[in-house]
Amino acid sequence: MKSVGAFFGRYPSDIPLKKILKRLPRNSFIIEAGAGFGEHTKIFAESFPLGKVVALEPIPAVFEIAKNRVKGFSNVDLRQECLVKRGDSQ
């Protein structure tokens, strides 16, 4: 399994989305940590219809907007969750 960082050798946020889309196979499994309003989630869902997109967005109001944006995409699993390292204090 290759990550975007392994493809390009830098942070994914510094890489133009079009460049990422061209390099990934059509059946990619994508984990999007911080889906925001779902703009990229929708692009990933449309670009990888044979793949799977798991998108995480913890902020309730933002999650609702993302949920409406990706409604109808069977290849998207949008979750109102975030990544947290076990043992971190709050």
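Predicted model, so just to flag it, every value in this text is computed and none were measured. Throughout this document, residue positions are counted from 1 along each chain, in the order its sequence is written. A pLDDT threshold of at least 70 governs which residues receive local features in this predicted model, and a stricter bar of 80 or more applies before side-chain atom pairs are shown or counted, although totals over entire chains, interfaces and linings include all residues. Processing note: side-chain calculations cover all non-hydrogen atoms of the structure and skip hydrogens and water entirely.

## Overview of the nonpolar core
- Joining through side-chain atoms within 4.5 Å is the link that ties buried Ala, Val, Leu, Ile, Met, Phe, Trp, Tyr and Cys residues into a set, and such a set is a nonpolar core. Exposed residues in this analysis have more than 50% of their type's maximum accessible area, buried residues have under 20%, and partly exposed residues fall in between, with area computed by a 1.4 Å probe over protein chains only. Residues I30, F44, F48, V53, V76 and L78 are the most contacted members of the largest nonpolar core, which totals 15 residues.
- Each helix corresponds to a stretch of at least 4 residues labelled H or I by DSSP, and each strand to a stretch of at least 2 residues labelled E; elements are numbered beginning at the N terminus. Contributions of two or more residues to this core are made by α2 (17–23), α3 (39–47), β2 (52–56), α4 (60–69) and β3 (76–79).
- Should any heavy atoms of two residues lie within 4.5 Å, those residues are considered in contact. When residues no more than four places from it in sequence are discounted, the contact partners of L78 are A35, A55, F63, A66, K67 and V70.

## So, the pattern of salt bridges
- Criterion for a salt bridge: a side-chain nitrogen of Lys or Arg within 4 Å of a carboxyl oxygen of Asp or Glu. Overall, the coordinates contain three salt bridges when judged by the stated rule.
- With a closest N to O distance of 3.7 Å, R69 and E39 form a salt bridge. Of the two residues, R69 sits in helix α4 while E39 sits in helix α3, which places them 30 residues apart along the sequence.
- On the basis of relative accessibility, which here comes to 33%, the residue R69 falls in the partly exposed class.

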